[in-house]
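Residue-level structural notes
Chain residues, written in single-letter form:
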Amino acid sequence: MSVTPIRLLGDPVLRTPAAPVVDFDQELRRLVADLTETMFAAGGAGLAAPQIGVGLRVFTWFVDGEVGHLVNPQVTPVGEETEEGPEGCLSIPGFTFDCRRHLYVAATGFDLHGEPVRVEGSDLLARAVQHEVDHLDGVLFVDRLDAEARAVALAAIGEAEWAGAGAWVPRVEVSPH
């Protein structure tokens, strides 16, 4: 396991749809471990493989004390209820904007051994799953903001001290897990 640099807004890998995983092997297990370690080091609720420069459909999450991952996920809203709430992204550090998401979702996929997995959740877990699946499709949460909010967000992000940098490396003194 290793903490891996997180790609920042502007890196083309974040706008490129990720490829499905076909090999459930040691390399995939290493990727899931690196994603998890990097997510913990950065203090995030989730991290998708493209955010560390790997174009595969894999993400991890850490919500309400639960750590998990999904390989080749498919997400489905449960019901019509949505919620607008604060959302941030490790590839857009230091910024939070209100984003509308489905309140309840079900996600299916596989674990790192190729076994089927189903995850159902609401609130923060639903938001994290939707956010990470968007990453796998080359979509960032700022793309989901209405036109006015998006313009304000992108202007603020353009002034960030990290604007134009390629990546950042999270650092922690003591592992949180």
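Some points on the overall build of the chain
- Tallying secondary structure elements over the chain gives 3 helices and 9 strands in all.
- Along the chain, helices and strands appear, N-terminal first, in the series β-α-β-β-β-β-β-β-β-α-α-β.
- Computed over the C-alpha atoms, the radius of gyration of the chain is 15 Å, within 12% of the 16 Å expected from 2.2 N^0.38 for a compact globule of 177 residues.
- Considering the chain as a whole, with its 177 residues, one finds that 46% of them fall into the buried category.
- A separation threshold of at least 6 residues defines the contact pool for the chain, and within that pool the share at least 24 residues apart is 66%.
- Split by element, the accessible area of the chain, about 8,700 Å² in all, is 52% carbon and sulfur.
- Taking the 12 positively charged and 27 negatively charged side chains of the chain as two groups, their mean positions are separated by 4 Å.

Brief notes about the pairing of strand β4 (residues 66–77)
- The pairing of strand β3 (residues 58–63) with β4 spans 6 bridges and is classified as antiparallel. Within β4, the residue paired with V63 across the bridge is E66.
- Between β3 and β4, which pair antiparallel and follow one another directly, the connecting turn spans 2 residues, one of which, D64, has a positive phi of 50°.
- Relative to strand β7 (residues 104–110), β4 runs antiparallel, the two sharing 5 bridges.

Here we look at the nonpolar core
- Ranked by internal contacts, the top residues of the largest apolar core, which has 16 residues, are I92, F95, F97, F141, V142, I157 and W162.
- In terms of residue count, strand β6 (residues 92–102) provides more of this core than any other element does, 4 residues in total.
- Ignoring sequence-local partners within four residues, the contact set of F95 consists of E87, G88, C89, A156, I157, A160 and W162.

Some points on the sheet that holds β4
- Across the sheet, 5 strands lie side by side as β2-β3-β4-β7-β8; this open sheet has antiparallel pairing. What marks the edges here is a single partner per strand, and that holds for β2 (46–48) and β8 (116–122). Within this sheet the neighbouring strands show an average axis-to-axis angle of 40°, counted without direction.
- On top of the sheet, helix α1 (residues 26–42) reaches β2, β3 and β4; it is set at about 40° to β3, its chief contact.
- Contacts between helix α2 (residues 123–136) and the sheet are confined to β2, β3, β4, β7 and β8, with β3 contributing the most and set at about 160° to the helix.

Observations concerning the environment of T36
- Inspection of the secondary structure puts T36 in helix α1.
- A relative accessible area of 15% places T36 in the buried class.
- Taking the C-alpha atoms as reference points, T36 and S2, separated by 34 residues in sequence, lie 9.1 Å from one another.
- Excluding anything up to four places from it in sequence, T36 contacts T60 and V67.

Structural notes on α1
- In a regular helix each residue adds 1.5 Å, so 17 residues correspond to 24 Å; α1 covers 24 Å between its end C-alpha atoms and thus fits that length.
- Counting buried positions along α1 gives 13 out of 17 residues, so the element sits mostly inside the fold.
- A positive phi of about 75° marks G43, the residue just after α1.

Quick word on the layout of surface pockets
- Taken as a whole, the largest pocket encloses approximately 240 Å³ of empty space.
- Along its surface, the largest pocket is lined by 15 residues, and A45, G46, E87, G88 and C89 are the ones closest to its centre.
- Put simply, the parts of the chain that give the lining of the largest pocket at least two residues each are β5 (82–89) and α2.
- Counting residues per element, the lining of the largest pocket draws most heavily on α2, which supplies 5 residues.
- A breakdown of the residues in the lining of the largest pocket according to their chemical character gives 6 nonpolar, 6 polar and 3 charged.
- The calculated volume of the second largest pocket comes to roughly 190 Å³.
- As for the second largest pocket, its lining consists of V21, V22, D23, D25, E27, L28, R30, L31, D34, V54 and L56.

The rules behind each value
Chains are numbered independently. Their residues run from 1 in the order of the written sequence. In keeping with the model being predicted, local features are shown solely for residues with a pLDDT of at least 70 and side-chain atom pairs are shown and tallied solely at 80 or more, while totals for entire chains, interfaces and linings include all residues. Water and hydrogen atoms were dropped before computing side-chain values, which therefore reflect all heavy atoms in the structure. A helix here means a DSSP run of H or I that spans at least four residues, while a strand means a run of E at least two residues long, and both kinds are numbered starting from the N terminus. Each radius of gyration reported is based on C-alpha atoms, and the globular scaling rule is 2.2 Å times the count of residues to the power 0.38. Remark: exposure states derive from per-residue accessible area (1.4 Å probe, protein chains only) relative to the maximum for the residue type, with buried under 20%, exposed over 50%, and partly exposed in between. Only heavy atoms enter the contact rule, under which two residues are in contact if any of them lie within 4.5 Å. Areas reported as accessible are Shrake-Rupley estimates using a 1.4 Å probe. Residue values count occlusion only from the protein chains shown. When charges are counted, Lys and Arg are positive and Asp and Glu negative, with His and the chain ends excluded. The atoms used to mark charge sites are NZ of Lys, CZ of Arg, CG of Asp and CD of Glu. Should DSSP find at least two bridges between two strands, the strands are regarded as paired. In this text, buried Ala, Val, Leu, Ile, Met, Phe, Trp, Tyr and Cys residues form a nonpolar core when linked through side-chain atoms within 4.5 Å. Only the stretch in contact is used when a helix axis is fitted, and all axes are lines through C-alpha atoms; the angle between N-to-C directions ranges over 0 to 180 degrees. Here the expected length of a helix is defined as 1.5 Å per residue gap, with one fewer gap than residues. Lining residues are those with an atom within 4 Å of a point, where the points come from a 1 Å grid over the protein atoms alone and group into cavities, where a 1.4 Å probe fits but cannot get out, or pockets, open sets with protein on both sides within 12 Å along at least five of seven lines. Grid points are joined across faces, edges and corners, and a volume is the space filled by probe spheres set on the points. In this count, Pro and Cys sit with the nonpolar residues alongside Ala, Val, Leu, Ile, Met, Phe, Trp and Tyr, while Asp, Glu, Lys and Arg are called charged and the others, Gly among them, polar.

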